[in-house]
2 protein chains.
Amino acid sequence: MPTYTAPTRDMQFLLHDVLNVTAADIPGYEELEADFTSAVLEEAGKLASEVLAPLNVSGDREGCRLENGVVRTPKGFKDAYEQMKAGGWMGLDCDPEFGGQGMPYLLATAVGEMFVSANMAFNMYQGLTHGAYSAIHAHGSDQQKTTYLPKMVEGSWTGTMNLTEPHCGTDLGLMRTKAAPQDDGSYTISGQKIFISAGEHDLADNIIHLVLAKAPGGGEGTKGISLFIVPKYLVNEDGSLGQRNGVTVGNIEEKMGIHGNATCVMNYDDATGYLLGELHNGMRAMFTMMNEARIGVGLQGYAQAAVAYENAVNYARDRLQGRAVTGAESPDGPADPIIVHPDIRRSLMDQKSFVEGARAFTLWSANLIDRAHRNNDAEAEGLISLMTPVVKGFQTDKGFEMAVQAQQVYGGHGYIEEHGMSQFARDARITQIYEGANGIQALDLVGRKLSQDGGRHVMAFFEIVKGFIKQNEGSEALKVDFLDPLKAASKDLQSAGLYFMQQGMKNPNNALAGSTDFMHMMGHVCLGLMWARMARAAQAALDAGTGDEVFYRTKMATGRYYMARHLPATAMHLARITSGADTVMALAADEF
Amino acid sequence: MPTYTAPTRDMQFLLHDVLNVTAADIPGYEELEADFTSAVLEEAGKLASEVLAPLNVSGDREGCRLENGVVRTPKGFKDAYEQMKAGGWMGLDCDPEFGGQGMPYLLATAVGEMFVSANMAFNMYQGLTHGAYSAIHAHGSDQQKTTYLPKMVEGSWTGTMNLTEPHCGTDLGLMRTKAAPQDDGSYTISGQKIFISAGEHDLADNIIHLVLAKAPGGGEGTKGISLFIVPKYLVNEDGSLGQRNGVTVGNIEEKMGIHGNATCVMNYDDATGYLLGELHNGMRAMFTMMNEARIGVGLQGYAQAAVAYENAVNYARDRLQGRAVTGAESPDGPADPIIVHPDIRRSLMDQKSFVEGARAFTLWSANLIDRAHRNNDAEAEGLISLMTPVVKGFQTDKGFEMAVQAQQVYGGHGYIEEHGMSQFARDARITQIYEGANGIQALDLVGRKLSQDGGRHVMAFFEIVKGFIKQNEGSEALKVDFLDPLKAASKDLQSAGLYFMQQGMKNPNNALAGSTDFMHMMGHVCLGLMWARMARAAQAALDAGTGDEVFYRTKMATGRYYMARHLPATAMHLARITSGADTVMALAADEF
């Protein structure tokens, strides 16, 4: 059985040494004293390790079952869910007006990593609820907010997102689900939605479905789409549950992973729905959920890699095979632990340096979101808009790759289900697909975000990198190992951007054929910047002699690995990009 | 349900346009006229598409069941197995003296790809039998050969390889299974083996286990290991089946994929075994199986990518989402097929150019094996020894990656099991692990094969590349698109080799920390060479106007993609390698 140990120390380092949160001048951040965040993270880590993690393998094996229209979650999920509710974890960063604790999104993100690492399928019930909460909070009427939010914040009701239909996922303009207006101002919703995570289950009293549908008069394509609140049970005026709504689960999918979360076919048969936000402007409201969900999925990607890495390290320390090439390290034992072998270390360092870099990048992004929301900081808003596809696409591609590498450390024992390593890979795999497959993230980045607001946000990012390098050029500890590689990688990224501007003008395929490569380049530059920032903070702590020397030295060494061994990928991506679209688009569709 | 179409046209191109088999001056190759190979491949393709492929998804879902010591294979497997037997496919390249058809290994390899693409789990029953056949054929006594081989060649009996024990996989020196000599010259074998593919099943009358065990007097480590034949049923002198031997299946593993093949825990309790080959020299005999198995696993890697790619193309042609950025391609339909999108094409071309390159590399390798065995060609023997870890390690890493990319083309429909795309990824995953995890392949390549016979074989490989470039430098069709990138990649590979020689001398970790990167570099150079060769052949056919112009033009275009978009990886691997072992080995084991 895999174990899970929460990375509290690393998160404290990021919050306090790197992001320096209490000095950040963001409303709510003044509460984030080191003692307080430490207490919260310790508590969350305990719940994750002791309650959620032990249900991960069993939840995967048992899966969800559909019985007479009711979905049964795996054994133990209900109890664990009650403990999450009792601890107030659901509403950690929710509005106090509706019962939330009003903590910064940053802190909720750190806590979220722990829950996701411990049990991703379980955590999705809560994660989707949070997304639906955010959409209602941002776009709902006062009456909608008071009706739904308090129950969702406490976790008594959960939420879902209903976008996909059998014939349409990415291209929502093809949507067929219909909303017919009724005399009382409500709508009747009819149609079928698929791939609805947590669409039906036995953890909560009610499920609040947010459903995209076409109401009359909206015109063609995505412009005609509106967003509706469709509760499983209608809610009476006094807040009690009324009659069952016309929404039923048609089936649950057999899938590669996240078996503990029910992926449902949802049938809407003249279900009662209530317009959320503006008519025919549902995409805007849905994107409130979607952007949050994309950051959350980017987190899932590296969080699965994180727990897989932890177990790979444990296994590599215990498993005895062969001898160190430089001489036996345990001469009295029958063999050395496999962690002595350079290729095992190469794999573990690939994982470790990615996971810690991605954790920094995700918390940095969460910090941007707090800045945008709590300070109305337009620059932060622009920057996080630019970064969202990178957080989602890059971190999930790499997160899966690293979970697979962790599984590989186990050899044959990683392929059998007994040790749980296969599950980390299978669960991580979905993160590359849902909330916009990663090709869509790359398209969003290159086709939309790069040129958004006249390219201002990407220029701002380059300025941040340049400014950091300039500011720290005098540091011997940083210059060769961190700043020089970061500069080279950033230059590659700028060259690619320039190529897109020049050649994409002539033919947009020249840009789009390089979109996935660009997303990965940018991810590497972002993690490179994070590592440079972490190295500066670690070096400062070492210089100041604040203690915990091993932690800070390890941080420096891990960063050096990232710069030396991950960052060279940018040159490869640049070469792929600048080879242009010709070889990519050469074949006719029937020549493949 | 996925479909499977055998790549007969592509194989014919490789056999006749590229490898020019009938002119090859290898005994047996004179039979390989185009009409003959076409007929064999067509027939094999029919069996693969019509009999094996339809059992792939159902075999995965049903899996194998252990009932009262008997393993039941999935529904339909027994019938399909009988058809394989009836067609004589099991013994295609086996010795006619024992009932085989004596065809070259090359042809059997082409046929093997089809069977593996169609149903990998099913094909393993046969594949392992072939490996056991080869070991007995190479090392058995006359009596052993006549006792076991005819039944194995016809498929009435199957075979297994028993190496791994719970505490030892890679490091066989730790083995505990014991062989005690008996007065009649046989041995009694006692111990437990795990991860035994096809260890027990209901397809054949008898199972011939080849078991590594320690016999007294052999000393420590792998030197003391011998190989034994342990039949499930003892064989009477007249060839009929005698009493049940002391070997039983203890359990079958739950695993990530290849559910149609039973992965068994095998218990040997005073089982009767017969020494195969020399006492205390079992590793040598086992390597006969292992080298063959490693080429076979390398084939599995790209064969899964091949069938996954075929289905991804079909889906991309059918699935309608969005519009081509350069203007609608199906303006009358509701949307364009996703194959119009550059990032989908990038993915499909990544897959296609890898699969076809790997197919060429595998058949080229099979050709080397024929040269080595049928012509006693020492140079070919050395070259294939060098290439074996590359075929296995590179092709399975990339094969899995490409199967995952094919799954990605399906979006959410790839994650659910309904379409079978998850299975291709899950099945492909084992190929990176078994028959020596890929880190072991990299170690074998860098730690052993590079310097084997004074480095003669890798120098021979570089000479082949150099010779090809020189010979074709005058070709305008090849120069810029093929030869220049091949030269650059080959130079990167040589630089890495030089770095290993210089820095590995000082510290072997400098070489081993770059072993996986080197294996991948070398794989790319090999596939680059294959593409250059294929391009030359395709261009020659185009110049000669032999017809089938679309096929040859497509081949050239696919090759250009590989050179432009895969080969730039070599520079990244070189940068990783030359960063040395310092960052890789920096941490103490408890600092991870």
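Residues numbered from 1 in each chain as written. Chains lettered and ligands numbered in written order. Predicted model: local features only at pLDDT ≥ 70, side-chain atom pairs only at ≥ 80, totals over all residues. Heavy atoms only, no water.

K.L.:
Please provide a residue-by-residue account of the overall build of chain A, values included.
P.N.:
Check the secondary structure of chain A and you find 19 helices and 11 strands. In summary, chain A has a C-alpha radius of gyration of 24 Å against a globular reference of 25 Å for 592 residues, a match within 12%. Sorting the 592 residues of chain A into buried and exposed places 65% on the buried side. When the accessible area of chain A is evaluated, it comes to approximately 20300 Å², of which 50% is carbon and sulfur surface. On chain A, the mean spot of the 49 positive side-chain charges and the mean spot of the 70 negative ones are 4 Å from each other. (Helix = DSSP H or I, 4+ residues; strand = E, 2+ residues; numbered from the N terminus. Rg over C-alpha atoms; globule rule 2.2 N^0.38 Å. Buried < 20%, exposed > 50% of the residue type's maximum accessible area, 1.4 Å probe, protein only. Areas by Shrake-Rupley, 256 points an atom, 1.4 Å probe, with all protein chains shown as cover. Lys, Arg positive; Asp, Glu negative; His and termini not counted. Charge placed at Lys NZ, Arg CZ, Asp CG, Glu CD.)

K.L.:
Tell me what's going on with the relation of the copies chain A and chain B, and back it up with residues and numbers.
P.N.:
Overlaying chain A with chain B gives an RMSD of 0.0 Å, the required rotation being 180° about an axis along which the chain moves by 0.0 Å. The two molecules are tied by a two-fold rotation axis, judged by turn and shift. If distances are taken from each C-alpha of chain A to the rotation axis, the shortest is found for Met572(A), at 3.1 Å. Looking at chain A, 100% of its interface residues are interface residues in chain B too, so the copies touch through the same face. (Least-squares fit on C-alpha atoms with pLDDT ≥ 70 in both. Contact = heavy atoms within 4.5 Å.)

K.L.:
Could you give an account of the nonpolar core, with specific residues and numbers?
P.N.:
Within soluble globular proteins, side chains that are nonpolar tend to cluster in buried spots. Counting residues in hydrophobic clusters, the biggest one holds 412 residues, and the most contacted among them are Phe461(A) and Phe461(B). Apart from residues lying up to four places away in sequence, Phe461(B) is in contact with Leu383(B), Leu386(B), Met387(B), Leu493(B), Met522(B), Val525(B), Cys526(B) and Leu529(B). (Core = buried A, V, L, I, M, F, W, Y, C linked by side-chain atoms within 4.5 Å.)

K.L.:
Hey, could you go over the interface of chain A and chain B for me, with residue numbers and the actual values?
P.N.:
Every contact between the two is made by 95 residues of chain A and, on the other side, 95 residues of chain B. Taking both sides of the interface into account, the surface hidden between chain A and chain B amounts to around 7500 Å²; carbon and sulfur atoms contribute 60%. A per-residue breakdown of the area chain A buries against chain B is headed by Tyr415(A), Arg565(A) and Phe592(A), which together make up 13% of the total. Counting the contacts that link chain A with chain B gives 48 residue pairs in polar contact (both at pLDDT 80 or more). Among the elements that make up the side of chain A that touches chain B, the one with the highest residue count is helix H18 (residues 549–566) of chain A (10 residues). (Buried area = accessible area lost by both parts, 1.4 Å probe. Polar contact = N/O pair within 3.5 Å; in protein donor to acceptor, adjacent residues only side chain to side chain.)

K.L.:
So what about unusual backbone geometry? Which residues, and what values?
P.N.:
All names here are of chain B. Positive phi is not limited to glycine here, since Asn68 has a value of about 50°. Locating Asn68 in the fold gives a position in the loop between strand S1 (65–67) and strand S2 (70–72). Here Asn376, not a glycine, exhibits a phi torsion of approximately 50°, which is positive. The residue Asn376 is located in the loop between helix H9 (342–374) and helix H10 (378–409) in this model.

K.L.:
Give me the environment of Lys214(A): which residues, what numbers.
P.N.:
Residues and elements named next belong to chain A. Considering the arrangement of structural elements, one finds Lys214 in strand S6 (residues 206–214). The spatial distance from the C-alpha of Lys214 to the C-alpha of Ala540 is 57 Å, given a sequence separation of 326 residues. Setting aside residues no more than four positions away along its own chain, Lys214 makes contact with Gly173, Met175, Thr177, Lys178, Ala179, Gly221, Gly224 and Ile225.

K.L.:
Just give me the short version of the pairing of strand S9 (residues 241–244) of chain A, but keep the residues and values in it.
P.N.:
All names here are of chain A. Sheet topology note: the strand S8 (residues 233–235)/S9 ladder contains two bridges and is antiparallel. The partner of Tyr233 across the bridge, within S9, is Arg244. Linking S8 back to S9 in an antiparallel pair, the connection comprises five residues, with Gly239 at a positive phi of about 90°. (Pairing = 2+ DSSP bridges.)

K.L.:
Tell me about the packing of helix H17 (residues 515–544) of chain A against H18(A), and please be specific about residues and values.
P.N.:
All names here are of chain A. Between H17 and H18, the least distance of the axes is 9 Å, while the angle of their chain directions is 150°. If you check the angle between H17 and H18, you find them roughly antiparallel. H18 is crossed by H17, and the crossing has left-handed handedness. Judged by residue contacts, His524, Leu527, Gly528, Trp531, Met534, Ala535, Ala538, Gln539, Ala541 and Leu542 of H17 engage Glu549, Tyr552, Arg553, Lys555, Met556, Thr558, Gly559, Tyr562, Met563 and His566 from H18. The class makeup of the residues in the contact of H17 with H18 is 11 nonpolar, six polar and three charged. (Axes fitted to C-alpha atoms, helices over the stretch in contact; angles between N-to-C directions. Parallel < 35°, antiparallel > 145°, perpendicular 65-115°, else oblique. Left-handed = near helix turned anticlockwise from the far one by under 90°. Nonpolar A, V, L, I, M, F, W, Y, C, P; charged D, E, K, R; others polar.)

K.L.:
Would you mind going over the side chain of Glu591(B) in detail, with residue names and values included?
P.N.:
For Glu591(B), the location among the structural elements is in the segment after helix H19 (569–578). Sequence-distant contacts of Glu591(B), defined by excluding residues within four places in its chain, comprise Lys352(A), Val550(A), Arg553(A), Thr554(A) and Ala586(B).

K.L.:
Could you give me a rundown of helix H5 (residues 105–118) of chain B, with the residues and numbers involved?
P.N.:
The end-to-end C-alpha distance of H5(B) is 20 Å, a good match for the 20 Å that 14 residues give at a rise of 1.5 Å each. With 14 of 14 residues buried, H5(B) lies mostly within the body of the structure. (Expected span 1.5 Å × (residues − 1).)

K.L.:
Just give me the short version of the environment of Gln395(A), but keep the residues and values in it.
P.N.:
Residues and elements named next belong to chain A. By the element assignment, Gln395 lies in helix H10 (residues 378–409). For Gln395, a relative accessible area of 0% gives the class buried. Sequence separation between Gln395 and Phe36 is 359 residues, and the spatial gap between their C-alpha atoms is 29 Å. In this structure Gln395 touches Gly298, Leu299, Gly301, Tyr302, Phe354, Ala358, Phe361, Thr362 and Val390, once residues within four positions along its chain are discounted.

K.L.:
Please give an account of the pairing of strand S7 (residues 225–231) of chain A that cites residues and values.
P.N.:
If a strand is regular, its side chains alternate between the two faces of the sheet. Residue and element names in this part refer to chain A. Most of S7 is tucked away, with seven of its seven residues classed as buried. As paired strands, S6 and S7 are joined by seven bridges and run antiparallel to one another. Considered in S7, the bridge of Ile208 is made with Pro231. In this sheet, strand S11 (residues 263–276) lies alongside S7 in antiparallel orientation, the contact comprising three bridges. From the neighbouring strand, Ile229 faces S11, where its bridge partner is Tyr274.

K.L.:
A description of the domain arrangement of chain A should follow, citing residues and the corresponding values.
P.N.:
All names here are of chain A. When cut into domains, chain A gives domain 1 (8–139), domain 2 (159–281) and domain 3 (442–583). The distance between the C-alpha centroids of domain 1 and domain 3 comes to 30 Å. At the interface, seven residues of domain 1 touch nine residues of domain 3. For the pair domain 1 and domain 3, the summed buried surface comes to about 660 Å²; carbon and sulfur atoms form 58% of the total. The largest per-residue losses of area from domain 1 upon contact with domain 3 belong to Arg9, Phe13 and Val18, which jointly make up 66% of the total buried on that side. At the junction of domain 1 with domain 3, the criterion picks out two salt bridges. Our enumeration of links across domain 1 and domain 3 arrives at four residue pairs in polar contact (both at pLDDT 80 or more). Among the residues forming the side of domain 1 that touches domain 3, the class breakdown is four nonpolar, no polar and three charged. (Domains from an automatic or database assignment. Salt bridge = Lys/Arg side-chain N within 4 Å of Asp/Glu carboxyl O.)

K.L.:
Requested: an account of the packing of aromatic side chains, with residues and values cited.
P.N.:
Both the distance between ring centres and the angle between the ring planes are used here to describe each pair of aromatic rings. Counted under the stated rule, the structure contains 29 aromatic pairs over all chains. On the basis of an interplanar angle of 75° and a centroid distance of 6.3 Å, the ring pair of Phe354(B) and Phe394(B) is categorised as edge-to-face. Of this pair, Phe354(B) sits in helix H9 while Phe394(B) sits in helix H10, placing them 40 residues apart in sequence. With a relative accessible area of 0%, Phe394(B) lands in the buried category. Ring pairing ties together the aromatic residues Phe13(A), Phe551(A) and Tyr552(A), which thus form one cluster. Taking the ring centre of Tyr233(A) as reference, the NZ or CZ of Arg244(A) above it sits at 5.5 Å. Over the aromatic face of Phe551(B) sits the side chain of Arg9(B), whose NZ or CZ is 4.1 Å from the ring centroid. (Phe/Tyr/Trp six-rings, centres within 6.5 Å; stacked < 30°, edge-to-face > 60°. Lys NZ or Arg CZ within 6 Å of the ring centre and 35° of its normal.)

K.L.:
Give me the lowdown on H9(B), citing residues and values where you can.
P.N.:
Each turn of an α-helix holds 3.6 residues, which means side chains three or four residues apart point in the same direction. All names here are of chain B. Counted at 1.5 Å a residue, the expected span for H9 with its 33 residues is 48 Å, and the 47 Å between its end C-alpha atoms agrees. For H9, the tally of buried residues reaches 30 of 33 residues, placing the bulk of the element in the interior. Trailing H9 by a residue or two, Asn376 shows a phi angle of about 50°, which is positive.

K.L.:
Account for the pattern of salt bridges, naming residues and giving values.
P.N.:
Two side chains that carry opposite charge are able to pair once their charged atoms sit near each other. Residue and element names in this part refer to chain B. The tally for this structure, following the rule as stated, stands at 63 salt bridges over all chains. With a closest N to O distance of 3.5 Å, Lys487 and Glu473 form a salt bridge. Of the two residues, Lys487 sits in helix H15 (residues 476–506) while Glu473 sits in the loop between helix H14 (456–472) and H15, which places them 14 residues apart along the sequence. Since its relative accessible area comes to 40%, Lys487 is described here as partly exposed. Residue Glu473 is classed as partly exposed on the basis of its relative accessible area, which comes to 35%.

K.L.:
A description of the environment of Gly131(A) should follow, citing residues and the corresponding values.
P.N.:
Mapped onto the fold, Gly131(A) is located in helix H6 (residues 120–139). Along the primary structure Gly131(A) and Ala293(A) are separated by 162 residues, whereas in three dimensions their C-alpha atoms are 6.5 Å apart.

K.L.:
Help me get a handle on the confidence of the model for chain A, residues and values and all.
P.N.:
Taken residue by residue, chain A gives an average pLDDT of 97. The fraction at 70 or more is 100%. As scored by the predictor, the complex reaches a pTM of 0.98 and an ipTM of 0.98. (pLDDT = per-residue confidence, 0-100.)

K.L.:
Which residues make up the packing of helix H8 (residues 282–318) of chain A against helix H9 (residues 342–374) of chain A, and what values go with them?
P.N.:
All names here are of chain A. At their nearest, the axes of H8 and H9 sit 9 Å apart, and the two run at 150° to each other. The orientation of H8 relative to H9 falls into the category roughly antiparallel. Along this stretch, H8 crosses H9, giving a crossing that reads as left-handed. Facing H8, whose interface residues are Ile295, Leu299, Tyr302, Ala305, Ala306, Tyr309, Ala312, Val313 and Ala316, H9 presents Ile344, Leu348, Gln351, Lys352, Phe354, Val355, Ala358, Arg359, Thr362 and Ile369. Split into classes, the residues belonging to the contact of H8 with H9 amount to 15 nonpolar, two polar and two charged.

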